[in-house]
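Read off the chains here:
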Amino acid sequence: MARQDALEDREPRPSPSESAAVPVFTPDPADFRDPPPEGRQALSGTTVRRFQQLSLGAGIALVGLGLGFLALRMRRAR
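Right, let's walk through the structure included here. Along each chain, residues carry numbers from 1 onward, in the same order as the chain's sequence is written. Two thresholds apply to this predicted model, a pLDDT of at least 70 for residue-level local features and 80 or more for giving and counting side-chain atom pairs, whereas whole-chain, interface and lining totals are computed over all residues. Side-chain measures were taken over the full set of non-hydrogen atoms in the model, leaving aside hydrogen atoms and water.

## What about the overall build of the chain?
For step 1, the next point in the chain: Only runs of H or I of at least four residues qualify as helices and only runs of E of at least two qualify as strands under DSSP, and these elements are numbered from the N terminus. Looking only at helices and strands, the chain has two helices and zero strands in total.
For step 2, the next point in the chain: Exposure categories follow from relative accessible area, calculated using a 1.4 Å probe and restricted to protein chains: below 20% of the type maximum is buried, above 50% is exposed, and the middle band is partly exposed. Across the 78 residues in the chain, those meeting the buried criterion constitute 0%.
For step 3, the next point in the chain: The method behind every accessible area is Shrake-Rupley, applied with a 1.4 Å probe, and residues are considered shielded solely by the protein chains displayed. Carbon and sulfur atoms provide 60% of the accessible area of the chain, an area that totals close to 8,400 Å².

See below:
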């Protein structure tokens, strides 16, 4: 019975379709006195897409090599 009471006392969780309230916070530029290190910047959208395509292509190529290696091993086992 205590477990049922504890479940009823809980606050309902927001559904996944509802957006959570996120506080808006903008840091003061004076808080960052040192300049950012050279060469560290956010990637543009085209760079991210190119990298994702490269990763996907490399993964597919590695899977193909693995299947080819497996086929050769199975062929020699006979």
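## Here we look at a nonpolar patch on the surface
For step 1, the next point in the chain: Each patch is built from salt-bridge-free residues with over 30% relative accessible area, joining like charges within 9 Å and nonpolar side chains (Val, Leu, Ile, Met, Phe, Trp, Tyr) within 5 Å. For salt bridges, the criterion is a side-chain nitrogen of Lys or Arg within 4 Å of an Asp or Glu carboxyl oxygen. A cluster of nonpolar residues, V63, L67, L70 and M74, forms a patch on the protein surface that exposes about 410 Å² of accessible area.
For step 2, the next point in the chain: Within the element layout of this structure, V63 appears in helix 2 (residues 45-77).
For step 3, the next point in the chain: What makes V63 exposed here is its relative accessible area of 52%.

Purely geometric numbers; function is a separate question.
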